[in-house]
Amino acid sequence: MKMMRFLAMPLLALAACAPSPDIAEASNEQASSAAPEALAENKVSAENLAKWRKDNSSWYAAVEPFQVVGEQGAGIYFVGTEGLGMFFIPTADGHIVIDGGMPDQAPMVADAITKLGYDPKDIKILLNSHAHLDHSGGLADLKAMSGAQMIASEGDRSALEGGFYLGSEEEDFLLAPPVKVDRIIADGETVSHGGVTMTAHLHPGHSRGCTSWTMDIAQGGKSYEVLVFCSATVAANRLVNPPQYEGIVDDYRSTFDKSRDLKPDVFLANHPGFFGMAKKREKQKAGDALAFVDDQAFGKFITVIEGWFKDGLRKQTEAATP
Ligand SMILES: [Zn+2]
């Protein structure tokens, strides 16, 4: 029944239900004290992947990789699909990738990077928006092919290293290949590499360690602040009775408050639909070099999804009230 309900949901719904982060943390601690280097086994099944592929075809619909903003050989490039946003930031000292897509999509991301003229083996840093399999699934393979350092927040660490969906640890359908986190990033901390500096913004709620990233990118003599937003949709997350994880409602609220302080020139996210990529890309192809620059876009998006959150909380609270 649970699975049926899940399958019937629209994609953004990636986020199931269940209690207790403690279970996950306890087992993760046990595993790490017994064998510090041993990662959990990859339990993603081909059968489940086939279902995901069938139910979310846009996640697998090819998009020609392209530069979003930046000068020749620098800036940020899109290496995802119609439905999933993965991003590539080249530097002279090796490259940075944000998100790996689904568990079977690392080869696709690697191909996109190759098409852009770079070697995926030269990825040095892997970042993750959040530990849900449609964004973290390909990271283990990208790490294996490049030896890159995996950087993530403490809140998402147990799910990344355990390969599960926090609060739905028992749900096979939501498993991802476990990936070892090499460095923990805190709110406001930066990652500097090859002349590029990226700032982490912790936006918990959608996942406990949801992390957005900002960076400044130059184009045509001007600098643009680029945001790759983690997400703050409720999707199928349980907010009450019991919550997906303790403190989730307060986390969403603080994330909406914090988001109002951000006014990026370029708003990007891990689902292209969030930032209207297809239309902007058309404008770019038609010759508008600044098609992705719109400093109002993120504020508008946050207002919309905050409304969704309030609705979702009201509905879930009503449903939980006898
Ligand atoms: Zn998600």
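The structure reproduced in this document is the subject of the present report. Since the structure is predicted, the reported quantities are computational estimates derived from the model, not experimental observations.

Some details on the overall build of the chain
Regarding its fold elements, the chain presents ten helices and twelve strands. Among the 322 residues that make up the chain, the fraction classed as buried is 47%.

Re the sheet that holds strand 6 (residues 149–152)
Strand order in the open sheet formed by seven strands is 1-2-3-4-5-6-7, and the pairing between neighbours is mixed. Two strands in the sheet have a free side with no partner beyond their single neighbour: strand 1 (66–69) and strand 7 (183–184). One ladder, built from three bridges, connects strand 3 (residues 87–89) with strand 4 (residues 95–98); its direction is antiparallel. From the neighbouring strand, Phe87 faces strand 4, where its bridge partner is Ile98.

What to know about the packing of helix 8 (residues 248–259) against helix 10 (residues 297–320)
At a closest axis distance of 11 Å, the pairing of helix 8 and helix 10 adopts a crossing angle of 160°. Viewed along their axes, helix 8 and helix 10 adopt a mutual orientation that is roughly antiparallel. Viewed along their axes, helix 8 and helix 10 form a crossing whose handedness is left-handed. Where helix 8 abuts helix 10, its residues Val249, Tyr252, Phe256 and Ser259 lie against Ile302, Glu306, Phe309 and Leu313. For the contact of helix 8 with helix 10, a count of residues per class yields six nonpolar, one polar and one charged.

Structural notes on the pairing of strand 4
Here strand 4 shows no split at all, with His95 and Val97 on one side and Ile96 and Ile98 on the other all buried. Where strand 3 folds back on strand 4, the antiparallel hairpin that results is connected by five residues, among which Gly94 adopts a positive phi of roughly 105°. For the handedness criterion, the β-α-β arrangement of strand 4, helix 4 (residues 106–115) and strand 5 (residues 123–127) is classed as right-handed.

Observations concerning helix 4
Every buried residue belonging to helix 4 is among Ala106, Met108, Val109, Ala110, Ala112 and Ile113, and all of these are buried. Of the residues flanking the end of helix 4, it is Gly117, one or two places downstream, whose phi is positive at about 100°.

Considering helix 7 (residues 154–162)
Among the nine residues in helix 7, seven count as buried, and that is most of the element. Here helix 7 has its buried residues at Gly155, Asp156, Ser158, Ala159, Leu160, Glu161 and Gly162. Looking one or two residues past helix 7, Gly163 carries a phi angle of roughly 70°, positive in sign.

Some points on the pairing of strand 6
Both strand 5 and strand 6 contribute to a ladder of three bridges, which runs parallel. By the bridge assignment, Ile125 is partnered in strand 6 with Gln149. When strand 6 meets strand 7, the two strands line up parallel, connected through two bridges. Bridging from a neighbouring strand, Ile151 pairs with Arg183 of strand 7.

Here's the deal with the packing of helix 4 against helix 6 (residues 139–146)
Their axes nearest at 8 Å, the elements helix 4 and helix 6 cross at an angle of 55°. As the angle between them shows, helix 4 and helix 6 are arranged oblique. Along the contact surface, helix 4 presents Ala106, Val109 and Ala110, while helix 6 presents Asp141, Leu142 and Met145.

Observations regarding the environment of Ile184
In this fold, Ile184 is placed in strand 7. Taking the number of C-beta atoms within 10 Å as the measure of exposure, Ile184 has 14 and is therefore partly exposed. C-alpha separation for the pair Ile184 and Ile151, spaced 33 residues apart in sequence, amounts to 5.9 Å. The contact partners of Ile184, leaving out residues within four places of it in the chain, are Ala152, Ser153, Glu154 and Arg157.

Remarks on the nonpolar core
Core analysis: the largest hydrophobic core is formed by 79 residues, its most contacted members being Val79, Phe87, Val97, Val109, Leu126, Val226 and Leu268. Among the elements that make up this core, the one with the highest residue count is helix 4 (six residues). With sequence-adjacent residues up to four places away left out, Val97 is seen in contact with Met86, Phe88, Val109, Ile123, Leu126 and Leu142.

Looking at the sheet that holds strand 11 (residues 222–229)
Adjacent strands of a sheet pair through backbone hydrogen bonds, lying either parallel or antiparallel. Read across the open sheet, the five strands follow the order 8-9-10-11-12; overall the sheet is mixed. The two strands at the open ends of the sheet, each matched to only one other strand, are strand 8 (190–193) and strand 12 (266–269). On average, each strand axis in the sheet is inclined to that of its neighbour by 25°, with strand direction left out of account. In this structure, strand 8 lies alongside strand 9 (residues 196–202), joined through four bridges in antiparallel fashion. Within the sheet, the bridge partner assigned to Thr190 lies in strand 9 and is Thr199.

Reading guide: rules and limits
- Residues numbered from 1 in each chain as written.
- Predicted model: local features only at pLDDT ≥ 70, side-chain atom pairs only at ≥ 80, totals over all residues.
- Helix = DSSP H or I, 4+ residues; strand = E, 2+ residues; numbered from the N terminus.
- Buried ≥ 20, exposed ≤ 12 C-beta atoms within 10 Å, placed from the backbone.
- Pairing = 2+ DSSP bridges.
- Axes fitted to C-alpha atoms, helices over the stretch in contact; angles between N-to-C directions.
- Parallel < 35°, antiparallel > 145°, perpendicular 65-115°, else oblique.
- Left-handed = near helix turned anticlockwise from the far one by under 90°.
- Contact = placed C-beta atoms within 7 Å.
- Nonpolar A, V, L, I, M, F, W, Y, C, P; charged D, E, K, R; others polar.
- Right-handed = clockwise from strand over helix to strand, strands pointing away.
- Core = buried A, V, L, I, M, F, W, Y, C linked by C-beta atoms within 7 Å.

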